[in-house]
Amino acid sequence: MTESIPPIATPTHDVDGFVRQYLRELTYTQGTTLERASLNDKYLALARTVRSYLMARWNRTMTQQYRKQSRSVAYLSAEYLLGRQLDNALIASDLEQIAAEGLERLGLSLDELREAEVEPGLGNGGLGRLAACFVDSLATMDIPAIGYGIRYEYGIFRQTFVDGRQVEEPDNWLDNGSPWEIARPEQEVAVGFGGHTEKYTDDDGVERSRWVPGWSVLAVPYNYMVPGYLNGRVNTLRLWSARATHAFDLKIFNYGDYAEAVRAQTFAENISKVLYPEDSTPQGKELRLQQQYFFVAASLRDYIDRVLEEGFDLHRLPERITFQLNDTHPVIAVPELMRILVDEKGFGWDEAWEVTRQCFAYTCHTLLPEALEVWPVELVGRLLPRHLEIIYRINEEFLGQVRERSGGDEMLVRRMSIIAEHPERAVRMAFLATVGAAKVNGVAELHSQLLRDKVLHDFAQLWPEKFTNVTNGVTPRRFVRLANPGLSALITEAIGDGWVTDLERLRELEPLADDAEFRRRFREVKAANKDRLVRLLAARDGIEIDPSTMLDVMVKRLHEYKRQMLKVLHVVTLYDRIRSGELDPAQVVPRTVVFGAKAAPGYKMAKEIIALINHVGAVVNADPVVSQVLRVAFPANYNVTVAETLVPAADLSEQISLAGKEASGTGNMKFALNGALTIGTDDGANVEIRQLVGDEHFFLFGLTEPEASAIQEAGYRPAAYYEQNPGLRRALDLVASGEFSGGDRSVFEPIVSNLLYEDRFMVLADYQSYVEAQDRVEGAYRDEDAWSRSAVLNVARSGFFSSDRSMRDYLERIWHAEAVPVEL
Ligand SMILES: *Cc1c(COP(=O)(O)O)cnc(C)c1O
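In this text, all values refer to a predicted model and were calculated from it rather than measured experimentally.

Chemist: Hey, could you go over the UniProt feature "modified residue: N6-(pyridoxal phosphate)lysine" (unreviewed entry) in the protein chain for me, with residue numbers and the actual values?
Modeler: Here the UniProt-annotated "modified residue: N6-(pyridoxal phosphate)lysine" (unreviewed entry) positions come out as Lys-670. Looking at where Lys-670 falls in the secondary structure, it is placed in helix H25 (residues 667–673). We classify Lys-670 as buried; its relative accessible area is 9%. Not counting the four nearest positions on each side in its chain, Lys-670 is found in contact with Arg-129, Val-474, Phe-479 and Val-647.

What follows is the structure, given as structure tokens:
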């Protein structure tokens, strides 16, 4: 039989094969012709063409994974900020050149078609982007791995500005269809909610519990390709979409209540409707807990019933898999696995716990106490009654252990309890994760140390060996190779192309920092990248920037701890100094300050700061004298696609959070790798960047974490800094005076009084140090040759920040899985 089936060949890896496949996709899948096709048709045909080159690799990966059943990793993350897929698929399959030529032959332009892709914005910022970098690295390193998450119908909102204020618009990323996903409705999984639990005696006379859910939804998986870079592997990212169960709506429908049937369906499908904006103050949002349980329950079910071979002995589960919990969002997986093992598989409590606690590892991503998730017991009990019972039992056994070890220290017991009593009874998800995981890691050296010393101190005392660090990283494929083709070509010419998968090899560039010709070419690349940015901002935002100026960039989510406010005060100070004649414009290094930031829709202060940036920018840019040397650009809707053009063009990278508040940062790494110099505090991974690139090539300022803590403990009084520092006083007075709000003093009054009387993130305390560091930046930038030498050294010494290295650290310290090359 099978002999008569001709083999299906992957299209040939040349221009002819590409063109043939493209026309086939356009004609037979898209159902159109070259003449009639819309831009979207042409893009979709291109995406499917590239996909068809990867399909055989994907199938082979899955087949071999199933056959070999090697130890693997399941990354559980509520967010994946993927960025555009086409470019990445092109470089992963070595098709860039072929596609460009093939399309040209058809009278089409690759550059034009790639602009038609809407990036899937299924994440808020750093945490979601990290997950995307990690799955890329795992595939490239040939690690059997699967990513699990949620296919939000609406990802992170699209930001626009109206009168300088943020307005959110829905992100309809699926409107034109997504060629990168493959739905697997036949692999849907039912996920229960609500209802009650009951005790019963099983056939062997054993007392057991079971959960009788009150309602359920279906989780439908959508598979995304995660192609390794030029290897044989294509891993899978499996994102779940919610559908109403068939019984759910049909029953009502049959009773003739069409409206009710639709309502029920909408209710169920709301679960994967929209990504929650991260605002570091997780409100008790019921739908959010539903989302978390929804994707985690579907993923565990999928892994156990579909990925594992039939009849696999679940006692051996830890030999096969680690479920990595990306922050606390998926932590409900811990009681869920206990429920599966105890209630469904008949395990005793202790043996189930032994398995469970070895299967999970937890990555903590914050230090802000208000960002640690807690769920009201009332809500958990209503939505997941059996899980609440299990959490209570886990807590009871754990606290018994604490009592025993501490000689009954009840204060300690209360501090460590998974259940908080105040202000309301609630489940502390970070504590549940720490108790339920074999390993707990922070995301930069400083952050991991502060976790051990502060946030999870009692736990680190109890289980010192459980705690470890893995410093974050970014994928060099997307953030250098793809985002910065000019620099990539220059590097490859100098040291070969091995750096793309072995980023430490950038070290070989070090001697070239002293080579004047290399530095000149490096500057040429930077200049070309700036021109590219000029074109993007003109076309996308109608913003004009001067590429001959120093590009000073601060892009990241808008949050008070990240201190965009400090950057604004610096801009206001420059404006004031020039206007007052204190600074001769002829003596100022011309600079363009670029901001990019979304604020969580409910985060008032963050939105006020956005308005302030835009208003200060408008005044600065309109001033005939100041605008000769200082301009502000704030393109709306910062996302991965913008980052890919902005980061390679930057001269100066702003990483200015209050020390001890930024867990790691990954934006800082992207900039250093693309040859920007950092002005930054001793915070997160900045510490490691500075250690690696060297103090002379990094502009350090600000309080250290211990200094900041000490001032806070002694009673921080921001107004004292205002009173004693004339420059700061003038800047703040200018904001308060209505200078940037058409004379209306009330507009920015909340910002000013917050800074004067609260200033939780010590903007005023670090102001002087920051302004002085910016003066040092100016001095350094004037020496073009010395600056580019530092920039080259930043690139050469930042190889450590590859997410491939992060993966190696996770593999060694936590996962203990090995590479399994996919055979051709
Ligand atoms: C890298 C990245 C981030 C994270 O930036 P940080 O400076 O580390 O906060 C956020 N958003 C996007 C789009 C990114 O690419």
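Chemist: I'd love a proper account of the side chain of Ser-448, names of residues and values included.
Modeler: Mapping Ser-448 onto the fold places it in helix H17 (residues 445–455). In this structure the side chain of Ser-448 is engaged in a polar contact, spanning 3.3 Å, whose partner is the backbone nitrogen of Gly-442. Ignoring any residue separated from it by four or fewer positions in sequence, one finds Ser-448 in contact with Gly-442, Val-443, Thr-468 and Asn-469.

Chemist: Talk me through the sheet that holds strand E15 (residues 374–376); I want residue IDs and the actual numbers.
Modeler: What the 3 strands build is an open sheet, ordered E15-E17-E16; its pairing is antiparallel. Two strands lie at the open edges of the sheet, namely E15 and strand E16 (419–420), each paired on one side alone.

Chemist: Explain the pairing of strand E24 (residues 677–680) to me, using residue names and the numbers behind them.
Modeler: Residues Leu-677 and Ile-679 point to one face of E24 and Thr-678 and Gly-680 to the other, with burial holding for every one of them. Examined bridge by bridge, strand E23 (residues 652–655) and E24 share 4 bridges and lie parallel to one another. When the bridges of E24 are listed, Leu-652 appears paired with Leu-677. After leaving E23, the chain enters H25 and then returns to the sheet as E24, a path that is right-handed. Sheet topology places E24 next to strand E25 (residues 699–700); 2 bridges connect them, and they run parallel. Bridge pairing links Gly-680 to Leu-700 in E25. Taking the sense of rotation as the criterion, the β-α-β connection linking E24, helix H26 (residues 686–693) and E25 turns out right-handed.

Chemist: Now, about the packing of aromatic side chains: what can you tell me, with residues and values included?
Modeler: We describe a pair of aromatic rings using the distance from one ring centre to the other and the angle between the two ring planes. Tallied over the full model, the rule gives 24 aromatic pairs. A centroid spacing of 6.5 Å and a plane angle of 15° characterise the contact between Tyr-148 and Trp-240, whose relative ring orientation is stacked. Taken together, the residues span a long stretch of sequence, with Tyr-148 in strand E4 (residues 145–150) and Trp-240 in strand E12 (residues 234–244) at a distance of 92 residues. By the burial criterion, Tyr-148 is buried, and Trp-240 matches it. With centroids separated by 5.9 Å and ring planes inclined at 25°, the aromatic side chains of Phe-699 and Trp-787 adopt a geometry described as stacked. Of this pair, Phe-699 sits in strand E25 while Trp-787 sits in helix H32 (residues 784–796), placing them 88 residues apart in sequence. Phe-699 gets classed as buried once you look at its relative accessible area, which sits at 7%.

Chemist: Lay out the nonpolar core with the relevant residues and their values.
Modeler: By size, the foremost hydrophobic cluster in this structure holds 156 residues, and its most contacted members are Phe-294, Leu-317 and Ile-394. Of all the elements, helix H9 (residues 286–307) adds the most residues to this core, at 10 residues. Beyond its immediate stretch of four places on either side in the chain, Ile-394 contacts Val-334, Met-338, Trp-349, Trp-353, Ile-418, Leu-432 and Val-435. Core analysis: the next-biggest nonpolar cluster, separate from the first, contains 109 residues, Trp-499, Leu-506, Leu-756 and Val-777 among them.

Chemist: Summarise the site of the ligand; cite the residues concerned and give the values.
Modeler: In the vicinity of the ligand, the contacting residues are Gly-125, Gly-126, Val-555, Lys-556, Lys-562, Tyr-638, Asn-639, Val-640, Gly-665, Thr-666, Gly-667 and Lys-670. Contacts to the ligand include Thr-666, whose backbone N or O atom sits 2.8 Å from an oxygen atom. Between an oxygen atom of the ligand and a main-chain N or O atom of Gly-667, the distance comes to 2.9 Å. Calculation on the ligand without its partners gives an accessible area of 390 Å², and the protein chains cover 96% of this total. Considered class by class, the residues forming the shell around the ligand number 3 nonpolar, 6 polar and 3 charged.

Here is what the cut-offs are and how they apply
- Residues numbered from 1 in each chain as written.
- Predicted model: local features only at pLDDT ≥ 70, side-chain atom pairs only at ≥ 80, totals over all residues.
- Heavy atoms only, no water.
- UniProt positions renumbered as here; feature names shortened; annotations may be inferred.
- Helix = DSSP H or I, 4+ residues; strand = E, 2+ residues; numbered from the N terminus.
- Buried < 20%, exposed > 50% of the residue type's maximum accessible area, 1.4 Å probe, protein only.
- Contact = heavy atoms within 4.5 Å.
- Polar contact = N/O pair within 3.5 Å; in protein donor to acceptor, adjacent residues only side chain to side chain.
- Pairing = 2+ DSSP bridges.
- Right-handed = clockwise from strand over helix to strand, strands pointing away.
- Phe/Tyr/Trp six-rings, centres within 6.5 Å; stacked < 30°, edge-to-face > 60°.
- Core = buried A, V, L, I, M, F, W, Y, C linked by side-chain atoms within 4.5 Å.
- Near = heavy atom within 4 Å.
- Areas by Shrake-Rupley, 256 points an atom, 1.4 Å probe, with all protein chains shown as cover.
- Nonpolar A, V, L, I, M, F, W, Y, C, P; charged D, E, K, R; others polar.

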